[in-house]
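So the chains spell out like this:
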Amino acid sequence: MLRYKGEFEQAVDRSHQAWTEGKEKLGPEDRHTLRCRTNLALAYQTCGYYDEAVRHSRKALRALELQQNILGDDDLDTLASRDRYASALYHQGLYVDAEREIERAWSGRSTSLGDTHPDTLSSLQNHAAVLRVQGKYQAALEKTQKALQGRQEMLGEDHPDTLASLDHLASVYLCQGKYKLAEKEAQTSFARGTNVFAAKHPALLTSLSNFASALRYQGHFQQAKEYYEEVLVLRQEKLRPQHPETIISLGNMAWGLSTQGNYAAAEGIYQDVYHHQCEELGKEYPQTLTTLSSLALIRVKLGKYEDAKDAAESAWLSQEETLGVMHPDTLTSMHDYAVILRHQRLDEEAASLSQQVLGERERVLGDQHPDTLATRDSYASALCCLGQYEEAESLCEQ
């Protein structure tokens, strides 16, 4: 209940108290105690303490697995704990491990409870989220739509879980470059959420942030900036200063400053964001690397080409190792690196890399995705710099 009210720190205190009392009265391996520990993991997760969330959910799951001979493979407590563990891994950026665990949780719940049970739909939505962050956008879309439909039918249009699926759907559309659809779903979620949640609830801020992003990618920079600023102020008020979502909002503010040409201020904020994310999440965390890539582009605007090149290359190589060569985030950093090469008049290298990125983006994102079009334009510009005008013109006509 506290979590739905957005009182996350209080939820941690209450959950920790319940777990402690369970250990003292019933023992650490009692099923009730382990349920309390699984709930504690969720409370830590919503507060942005991802390491603690993973630790507690893993311990609860392992304890239940040791009782598997008694409980059976599809014990509901074990499945709930596995679902929570998967979600914690997802938030820690361990996507492959998260996908493995969430598939087991969803399959077990589907068998034991049926496809339309709210718990099964929760695992389905979590699976979709893991697929999205791995760049598997079509599969994520299909599962999100299925989870949304199931939640609408079983829980109602205005249930918090239904609204969460709307926000997930908006996020998938943003990744697919379908910005008008993302705007529509985010706006719907926010409008309905105002009738469900208290003012300034973190769930409303998620919807508002998605709405701002949809406006941003459609070129409505001033409106997006204003919404981002509103979300930042409210997240600073409702969440702890170092909460990962607060830090993301700080990065969005840096982007807003860059649209106004205030590159020096934007660089300073991006540096702060990167520092905080390194401390809180780790240098190899996906969002940390995204920030590093953004920092590289700001340094290009400031004429700091060598620093920009180093940052972009570091982000690219780390993403290639942690996310894979064809992950959309990796391709974004490769694209950015090619842009920096062109600014340094290294046109042959820039053209070669842009050609590689274009081919991969066409395969991963499709011919008409905005990121694919941006790389096609960048490749054409590099070809023009090399005097290959006919090839460049052919690309522009596609």
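Look a little higher up for the structure.
Here goes a summary of the coordinates provided. (Residues numbered from 1 in each chain as written. Predicted model: local features only at pLDDT ≥ 70, side-chain atom pairs only at ≥ 80, totals over all residues. Heavy atoms only, no water.)

### Side note on the overall build of the protein chain
Scanning the protein chain from terminus to terminus reveals 20 helices and zero strands. The C-alpha atoms of the protein chain give a radius of gyration of 22 Å, which matches the 21 Å a tight globule of 398 residues would have. Residues classed as buried in the protein chain amount to 51% of the 398 residues present. When contacts within the protein chain are restricted to residue pairs at least 6 apart in sequence, those whose partners lie at least 24 apart make up 56%. Accessible surface computed for the protein chain: about 18100 Å², of which carbon and sulfur atoms make up 47%. For the protein chain, the centre of its 42 positive side-chain charges and the centre of its 59 negative side-chain charges are spaced 5 Å apart. (Helix = DSSP H or I, 4+ residues; strand = E, 2+ residues; numbered from the N terminus. Rg over C-alpha atoms; globule rule 2.2 N^0.38 Å. Buried < 20%, exposed > 50% of the residue type's maximum accessible area, 1.4 Å probe, protein only. Contact = heavy atoms within 4.5 Å. Areas by Shrake-Rupley, 256 points an atom, 1.4 Å probe, with all protein chains shown as cover. Lys, Arg positive; Asp, Glu negative; His and termini not counted. Charge placed at Lys NZ, Arg CZ, Asp CG, Glu CD.)

### Comments concerning the nonpolar core
The biggest cluster of nonpolar side chains holds 36 residues, and the ones touching the most others in it are Ile 269, Tyr 270, Met 334, Tyr 337, Ile 340 and Leu 353. Elements supplying a minimum of two residues to this core: helix 11 (202-217), helix 12 (221-238), helix 13 (244-259), helix 14 (263-280), helix 15 (286-301), helix 16 (305-322), helix 17 (328-343) and helix 18 (347-364). Sequence-distant contacts of Met 334, that is, excluding residues within four places in its chain, are made with Trp 316, Leu 353, Gln 356 and Val 357. (Core = buried A, V, L, I, M, F, W, Y, C linked by side-chain atoms within 4.5 Å.)

### Regarding the packing of helix 13 against helix 14
Where helix 13 contacts helix 14, the two axes come as close as 8 Å, and the packing angle between them is 165°. Taken together, helix 13 and helix 14 sit at an angle that is classed as roughly antiparallel. In terms of crossing hand, the pair formed by helix 13 and helix 14 is left-handed. Here helix 13 contributes Ile 247, Ile 248, Leu 250, Gly 251, Ala 254, Trp 255, Leu 257 and Ser 258 to the contact with helix 14, which in turn contributes Tyr 263, Ala 265, Ala 266, Ile 269, Tyr 270, Val 273, His 276 and Gln 277. In terms of residue class, the contact of helix 13 with helix 14 is built from twelve nonpolar, four polar and no charged. (Axes fitted to C-alpha atoms, helices over the stretch in contact; angles between N-to-C directions. Parallel < 35°, antiparallel > 145°, perpendicular 65-115°, else oblique. Left-handed = near helix turned anticlockwise from the far one by under 90°. Nonpolar A, V, L, I, M, F, W, Y, C, P; charged D, E, K, R; others polar.)

### A word on the layout of surface pockets
In this structure, the second largest pocket encloses a volume near 290 Å³. In terms of lining, the second largest pocket is formed by 16 residues, of which the most central are Gly 93, Leu 94, Tyr 95, Thr 322 and Leu 323. A per-element tally of the lining of the second largest pocket places helix 6 (residues 95-113) first, with three residues. Here the lining of the second largest pocket is built from residues that sort into eight nonpolar, five polar and three charged. (1 Å grid on protein atoms, 1.4 Å probe; cavity = no way out; pocket = protein on both sides within 12 Å on 5 of 7 lines; lining within 4 Å. Points joined across faces, edges and corners; volume = space filled by probe spheres on them.)

### Observations concerning helix 18
Taking 1.5 Å per residue, 18 residues should reach 26 Å; helix 18 reaches 25 Å between its end C-alpha atoms and fits that length. Taken residue by residue, helix 18 has Asp 347, Ala 350, Ala 351, Leu 353, Ser 354, Val 357, Leu 358, Gly 359, Glu 360 and Arg 361 as its buried positions. Positioned one or two residues after helix 18, Gly 366 has a phi angle of 105°, which is positive. (Expected span 1.5 Å × (residues − 1).)

### As for the packing of aromatic side chains
Inspection of the entire model under this criterion finds seven aromatic pairs. Each ring, one from Tyr 90 and one from Tyr 95, has its centre 6.2 Å from the other, and the planes form 40°; the classification is tilted. Note on Phe 221 and Trp 255: the rings are 5.5 Å apart at their centroids and 80° apart in plane angle, and the pair reads as edge-to-face. Within this pair, whereas Phe 221 is found in helix 12, its partner Trp 255 is found in helix 13, the two being separated by 34 residues in sequence. Three or more aromatic residues joined by ring pairs form one cluster here, namely Phe 221, Tyr 228 and Trp 255. Positioned above the aromatic ring of Trp 19 is the side chain of Lys 23, whose terminal nitrogen or guanidinium carbon lies 3.7 Å from the ring centre. Lying across the ring of Trp 106, Lys 143 places its NZ or CZ 5.4 Å from the centre. (Phe/Tyr/Trp six-rings, centres within 6.5 Å; stacked < 30°, edge-to-face > 60°. Lys NZ or Arg CZ within 6 Å of the ring centre and 35° of its normal.)

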